[in-house]
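# Fold and geometry: a report
Chain by chain, the residues run as shown.
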Amino acid sequence: MTAVASAPTDPAIRGKYADRLDPDLWNYIDTINGWYPPEIVAAPIAEQRAVYDRMCLAFHQGHPEGVTTGDGLVSTTAHAIPIRYYRMADKTAPAIVVYYHGGGFVLGDLDSHDDICAEICAGTGFEVVSADYRLAPEHLHPASFDDALALFEWVAATSTLPIVLCGESAGGNLAAAVAQATRRRERHAVGQMLIYPELGGDETGRSYVEHAEAPLLSVSDIEFYRRIRSAPGQALDDPKFSPLRDSDLSGLPPTIIVTAECDPLSSDGEVYRDRILAAGGQAWWREEPRLVHSFLRARPTVPRAAEAFARIVADVHALGAATER
């Protein structure tokens, strides 16, 4: 991995997280902030994306041996959605993962989470397909949801494999919204894996208060991304925008939510789990200790992140393989 020079965070300004996070995670945080400093949110969107793309390239881990990829387009009545699929060479997959990348609905593309998708493919033996869904502010809600739904519908129409929905951060929001929108259909997801998702939770919740100024994601960041994605007059209780605002969470597929302890969004996962259980569904929530938002990108250098990612891959496999029994 290529790194840029960045001064380590002064321990005096790390506050309550100074000893709460391991030194190797602080090294990761300092490296991320060296590439993509918090103040960049004030820069033009094009500049933010260019810096973010360079950072993703620097962290890219390549593809595990045996993973093959290809790019394509999913046509809709309005436009074509770029997609990338991943398969294991000379191996028949028992399931397919539909993956939605993170980036606050503003950043990211087929390349930003490419190595993560490839590692999920290798670790599960499943096919994986990801989408370059439309981003804000050029395309306001429901554009990203519409593209996420279109990808799911295309996979459901062109593949007979069981479908596992998977998303990270903003992508977790999209995965949950798609699962809720398609749960009553004949072709619905057999499971969903949500990784530190933004689900439109109550900002008076536990983690929103305790970790309002957590490293790499603060409550003000969350509010910024919600605003920039919002159409004029956006209703926060639209479940396509805020999945937790859905009044009925029955009928959802088995759901696993993984969050980071030091992340304001962690409560979203806990509440989503509780509401699915209350509606008679199956759901599990795991809060990974001493980790922060975006820890998937830390997996090469932070053992806690690597172990958490290995558990996520195993969870995805369990969700997709359950239909074989």
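Now for a description of the structure that goes with this document. (Residues numbered from 1 in each chain as written. Predicted model: local features only at pLDDT ≥ 70, side-chain atom pairs only at ≥ 80, totals over all residues. Heavy atoms only, no water.)

## Observations regarding unusual backbone geometry
Stated formally: The numbering of helices and of strands both runs from the N terminus, where a helix is a DSSP run of H or I of at least 4 residues and a strand a run of E of at least 2. Per-residue accessibility, obtained with a 1.4 Å probe over protein chains only, is compared with the maximum for each type, and a residue is labelled buried under 20%, exposed over 50%, and partly exposed between these values.
In this structure, the amide linkage connecting Ala136 to the following residue, Pro137, adopts the cis form with an omega of 5°. In this model, His141 is joined to Pro142 through a cis peptide bond whose omega is 15°. As for its placement among the helices and strands, Pro142 is situated in the loop between strand S4 (127–131) and helix H4 (143–158). At Tyr196, a residue that is not glycine, the phi angle is positive and equals roughly 30°. On the secondary structure map, Tyr196 appears in the loop between strand S6 (191–195) and helix H6 (206–210). Given the relative accessible area of 0%, Tyr196 is considered buried.

## Observations concerning the pairing of S4
To be explicit about the condition: In short, DSSP must find at least two bridges between two strands for them to pair. By convention, a crossover is right-handed whenever its connection, traced from the first strand over the helix to the second and viewed with the strands pointing away, goes clockwise.
With 5 of 5 residues buried, S4 is to be regarded as a mostly interior element. Pairing geometry for strand S2 (residues 80–88) and S4, over 4 bridges, is antiparallel. Of the residues in S4, the one forming a bridge with Arg84 is Ser130. Relative to S4, strand S3 (residues 96–100) runs parallel, the two sharing 4 bridges. Note on S4: the bridge partner recorded for Tyr99 is Ser130. Regarding topology, helix H3 (residues 114–124) serves as the crossover connection from S3 to the parallel S4, and that connection is right-handed.

## Looking at the nonpolar core
To keep things clear, this is the line we draw: What makes a nonpolar core is a set of buried Ala, Val, Leu, Ile, Met, Phe, Trp, Tyr and Cys residues whose side-chain atoms join them at distances within 4.5 Å. Residue contacts follow a heavy-atom distance rule, with two residues in contact if any of their heavy atoms lie within 4.5 Å.
Ile120, Met193, Phe295 and Leu296 are the most contacted members of the largest nonpolar core, which has 59 residues in total. Excluding residues within four positions of it along the chain, Met193 makes contact with Leu165, Cys166, Gly167, Ile256, Val258, Ile312, Asp315, Val316 and Leu319. Listed in part, the 41 residues of the second largest apolar core include Val98, Phe145, Val155 and Ala283.

## Overview of helix H1 (residues 23–35)
Basically, it comes down to this: Every helix has an expected span of 1.5 Å times one less than the residues it contains.
Helix length check: H1 (13 residues) gives 19 Å between terminal C-alpha atoms against 18 Å at 1.5 Å per residue, within 8%. What H1 keeps buried is the set Leu25, Trp26, Tyr28, Ile29, Asp30, Thr31, Ile32 and Trp35. Those residues of H1 hidden inside the fold are in contact with helix H2 (45–59) and strand S8 (283–292).

## A word on the layout of surface pockets
Note the threshold: Points on a 1 Å grid over protein atoms alone make up a cavity when a 1.4 Å probe fits among them but cannot get out, and a pocket when they form an open set with protein on both sides within 12 Å along at least five of seven lines; lining residues each have an atom within 4 Å of a point. Grid points are joined across faces, edges and corners, and a volume is the space filled by probe spheres set on the points. Charged means Asp, Glu, Lys or Arg here, nonpolar means Ala, Val, Leu, Ile, Met, Phe, Trp, Tyr, Cys or Pro, and polar covers whatever is left, Gly included.
Volume-wise, the largest pocket comes out at about 940 Å³. For the largest pocket, the lining is made up of 46 residues, of which Pro215, Leu216, Leu217, Ser218 and Asp221 are closest to its centre. Each residue belonging to the lining of the largest pocket can be placed in one class, and the counts come to 26 nonpolar, 12 polar and 8 charged.

## Things to note about the pattern of salt bridges
For clarity, the threshold we go by: Counted as salt bridges are all cases of a side-chain nitrogen of Lys or Arg within 4 Å of a carboxyl oxygen of Asp or Glu.
Summed over all chains, the structure comprises 24 salt bridges. For the salt bridge of Glu261 with Arg20, the shortest nitrogen-to-oxygen distance reads 3.1 Å. Placement of Glu261 in strand S7 (residues 255–262) and of Arg20 in the segment before H1 is noted, with a sequence separation of 241 residues between them. By relative accessible area, which is 17% here, Glu261 ends up buried. Because the salt bridges share partners, they merge into one network encompassing Asp71, Arg84, Asp111 and Asp114.

## Notes on the packing of H3 against helix H9 (residues 303–321)
Quick note on the threshold: Here an axis means a line fitted to C-alpha atoms, over the contact stretch when the element is a helix, while the angle between two N-to-C directions is reported on a 0 to 180 degree scale. Note that the term roughly parallel is reserved for angles under 35 degrees, roughly antiparallel for angles over 145, roughly perpendicular for angles of 65 to 115, and oblique for everything else. By convention, the crossing between two helices is left-handed when the near helix turns anticlockwise from the far helix through less than a right angle, and right-handed when the turn is clockwise.
H9 packs onto H3 with a crossing angle of 60° between their chain directions and a minimal axis gap of 9 Å. One element, H3, and the other, H9, form an angle in the oblique class. Crossing geometry of H3 relative to H9 is assigned as right-handed. Residues Ile116, Glu119, Ile120, Gly123 and Thr124 of H3 pack against Phe309, Val313, Val316 and His317 of H9. Among the residues making up the contact of H3 with H9, the classes are represented as 5 nonpolar, 3 polar and 1 charged.

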